[in-house]
Amino acid sequence: MPDVRPLAADEVRAAHTLFRAALHRGPMSADQWAFSGRSFEPGRTLGAFVDGRMVGTALAWSSDLVVPGGATLPMAAVTRVGVRTDFRRRGVLRALMREQVDDVAERGEVFAGLHATEPVIYGRFGYGVGTRALRVAARGARLLPSVPTGGAVRVVDPGFPGLPGIYDRARRSRVGSIARPPEWWVNYERAWGVNENLVVAVHSGDDGDDGFVAWRPSETADPTDTTTLAVEDFVAATPAVAYALWEFLLGIDLVSCVRAFMRPLDESLTVAVPDPRTVSIEDVVDDLWLRLVDVPAALGARVYGDADPVVVEVADPFRPGNDGCYRITPDKAERCDDAPAVSVGVEVLAMLYFGAWSWSSLAEAGRVTVDDPAALAHLDRLFALERPAFCGTYF
Ligand SMILES: CC(=O)SCCNC(=O)CCNC(=O)[C@H](O)C(C)(C)COP(=O)(O)OP(=O)(O)OC[C@H]1O[C@@H](n2cnc3c(N)ncnc32)[C@H](O)[C@@H]1OP(=O)(O)O
């Protein structure tokens, strides 16, 4: 078993190089590191050591998560997980996950969340797909004149200091969104500081700045070739702001395709254009992988729809303190000793928590064990959301 411990400040560069190598990337240059060295929250980068040598790493940032009903609960944003190629499949990741989830719980964080490189890895540690997103590509699209837009759009430096404030104001209305810690914003500072080709445009309306997009144009050898814009960050306080930003993107010259890799499920760009074939929904992708670290607190913090109460049994082999039965009613959710109507693993509960799937559909797929089939319709109503949850922050 490797030894796992938090890294000191002078060890995080080696950890970052290890992580990048796990993704087949070379080390950062000194210029890049001058920025990225500030993207580590003190005490939250773990290293796994075998015979004194670092062989794996994982970090977390202190964040929070908006749950149904609008409460905001602490969440650990987990990222930069990597194990040396020559130490794989020997339990290094498992040891890192063990240490990390225990630390998250000790800090009183109710959730952990991540974006997964490979979907098969994290279910065993209690993570499930909590929110989903659309991957959208627009080619030659223009908005219909009837689409509500308005306001003004201006291009700013990626280091524009107003971006975090715009994000914080915009995200409050969206269940599933997370706080972006200062360490996350270092990505923008680095893009600006080392002249990466990241372009940022800010929208302002009657109440000031209320949205922005950030994209990277594909480089073309011939300057007369058209370009693809890869939109990697898209923040809008309202649907009208989002459409105004789309209008701006679709009007940029010498562009053959605008591709946004994470948009909310309820954004309907396809019906906002005269020719729906100019907009492709290329994929429905997993967005936030969610881990209910403290199941009683997570279930107790969200609101529920109107339906009969149901008793749900939860199994959490990686964190058995969460095991047990929970009675879920329109008013509250709490532990109980009653017989369950359904049973789920905690990773499946994560898929249901934000209504990314319905209980009925996961039961049909064999992911929910059902003792009382009548309970499924009640659970579908209890967990349903008016608007799909969406994280929209890649980390
Ligand atoms: C949140 C993020 O940062 S996502 C980025 C994740 N990092 C990467 O993808 C970088 C490249 N990959 C790696 O560095 C490593 O392969 C890791 C981190 C994915 C896995 O590390 P390992 O130390 O090999 O994992 P470990 O040996 O602890 O395996 C734990 C379990 O996961 C399984 N597992 C691990 N990786 C994979 C995989 N890629 N595919 C399928 N199963 C896997 C193991 O078989 C094992 O299964 P078990 O529970 O049945 O025993």
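Residues numbered from 1 in each chain as written. Predicted model: local features only at pLDDT ≥ 70, side-chain atom pairs only at ≥ 80, totals over all residues.

(A) Examining the overall build of the protein more closely. Looking only at helices and strands, one finds 10 helices and 19 strands in the protein. Over its C-alpha atoms the protein spans a radius of gyration of 22 Å, differing by no more than 12% from the 21 Å that the globule rule assigns to 395 residues. With respect to the three principal axes, the spread of C-alpha positions in the protein is 65 × 60 × 35 Å. Within the protein, the fraction of its 395 residues that count as buried is 44%. Taking the contacts inside the protein whose residues are at least 6 apart along the sequence as the reference set, 73% of them involve residues at least 24 apart. (Helix = DSSP H or I, 4+ residues; strand = E, 2+ residues; numbered from the N terminus. Rg over C-alpha atoms; globule rule 2.2 N^0.38 Å. Buried ≥ 20, exposed ≤ 12 C-beta atoms within 10 Å, placed from the backbone. Contact = placed C-beta atoms within 7 Å.)

(B) Quick peek at the UniProt feature "active site" (unreviewed entry) in the protein. Mapped onto this numbering, the UniProt entry gives "active site" (unreviewed entry) at Tyr122 and Phe395. Locating Tyr122 in the fold gives a position in the loop between β5 (111-114) and β6 (127-129). Residue classification places Tyr122 among the buried residues on the basis of 23 C-beta atoms within 10 Å. Phe395 gets classed as partly exposed once you count the C-beta atoms within 10 Å, which come to 19. (UniProt positions renumbered as here; feature names shortened; annotations may be inferred.)

(C) Up close: the UniProt feature "binding site: acetyl-CoA" (unreviewed entry) in the protein. UniProt records the feature "binding site: acetyl-CoA" (unreviewed entry) for Val81, Gly82, Val83, Arg89, Arg90, Gly91, Val92, Leu93, Arg94, Thr117 and Glu118 in the present numbering. By C-beta crowding, Arg90 is classed as partly exposed, having 15 other C-beta atoms within 10 Å. In this structure Leu93 comes out as buried when scored by C-beta crowding, with 22 C-beta atoms within 10 Å. With residues near it in sequence (within four places) discarded, Leu93 still touches Gly56, Val81 and Val83.

(D) A look at the site of the ligand. Around the ligand, a shell composed of 22 residues is seen, among which Val81, Arg88, Val92, Leu93 and Thr117 lie nearest. Counting only elements with at least two residues in the shell around the ligand, the list comes to β4 (72-83) and α3 (92-106). In terms of residue count, the dominant contributor to the shell around the ligand is β4 (6 residues). Tallied by class, the residues present in the shell around the ligand amount to 11 nonpolar, 4 polar and 7 charged. (Near = placed C-beta within 6 Å. Nonpolar A, V, L, I, M, F, W, Y, C, P; charged D, E, K, R; others polar.)

(E) Representation of the pairing of strand β18 (residues 342-345) within the structure. Of the strand pairs in this sheet, strand β15 (residues 310-315) and β18 are connected by 4 bridges, and their pairing is parallel. Residue pairing for β18: Ala315 is matched across the bridge by Gly345. In terms of strand pairing, β18 meets strand β19 (residues 369-370) through 2 bridges, oriented antiparallel. Bridging across to β19, Val342 finds its partner in Val370. (Pairing = 2+ DSSP bridges.)

(F) The arrangement of the sheet that holds strand β14 (residues 289-292) in detail. The strand order β1-β2-β3-β4-β5-β14-β6 describes an open sheet built from 7 strands, whose pairing is mixed. Pairing within the sheet leaves two strands with one partner each, and these edge strands are β1 (3-6) and β6. The sheet shows a mean angle of 30° between the axes of neighbouring strands, direction not considered. Of the strand pairs in this sheet, strand β3 (residues 53-66) and β4 are connected by 10 bridges, and their pairing is antiparallel. Residue pairing for β4: Val66 is matched across the bridge by Thr72. (Axes fitted to C-alpha atoms, helices over the stretch in contact; angles between N-to-C directions.)

(G) Seen up close, the environment of Ala339. Assignment of secondary structure puts Ala339 in the loop between β17 (333-336) and β18. For the pair formed by Ala339 and His378, sequence separation is 39 residues and the distance between their alpha carbons is 16 Å.

(H) Summary view of helix α5 (residues 182-193). In this model, α5 (12 residues) spans 16 Å end to end at C-alpha, consistent with the 16 Å of a helix rising 1.5 Å per residue. Glu183, Trp184, Asn187, Tyr188, Arg190 and Ala191 are the residues of α5 that are buried. Where α5 is buried, its residues meet α2 (30-36), β3 and α4 (163-171). Asn195 sits one or two positions beyond α5 and adopts a positive phi of about 60°. (Expected span 1.5 Å × (residues − 1).)

(I) Spotlight on unusual backbone geometry. In this model, Arg89 sits at a positive phi of 60°, which is unusual for a non-glycine residue. Tracing the sequence through the fold places Arg89 in the loop between β4 and α3. A positive phi is found at Asn195, a non-glycine position, where the angle reads about 60°. Tracing the sequence through the fold places Asn195 in the loop between α5 and β9 (199-205).

(J) View of the nonpolar core. Leu96, Phe111, Ala112, Leu245, Leu292, Leu349 and Leu352 are the most contacted members of the largest nonpolar core, which totals 120 residues. Those residues within four positions of Leu245 in sequence are excluded, and the remaining contacts are Val153, His203, Gly211, Val213, Phe234 and Ala236. (Core = buried A, V, L, I, M, F, W, Y, C linked by C-beta atoms within 7 Å.)

(K) Representation of the environment of Val314 within the structure. Within the fold, Val314 resides in strand β15. Residue Val314 is classed as buried on the basis of its C-beta count, with 22 C-beta atoms lying within 10 Å. For the pair Val314 and Val344, spaced 30 residues apart in sequence, the C-alpha separation works out to 5.2 Å. Residues in contact with Val314, not counting those within four places in the same chain, are Val295, Asn322, Asp323, Gly324, Tyr326, Val344, Val346 and Leu349.

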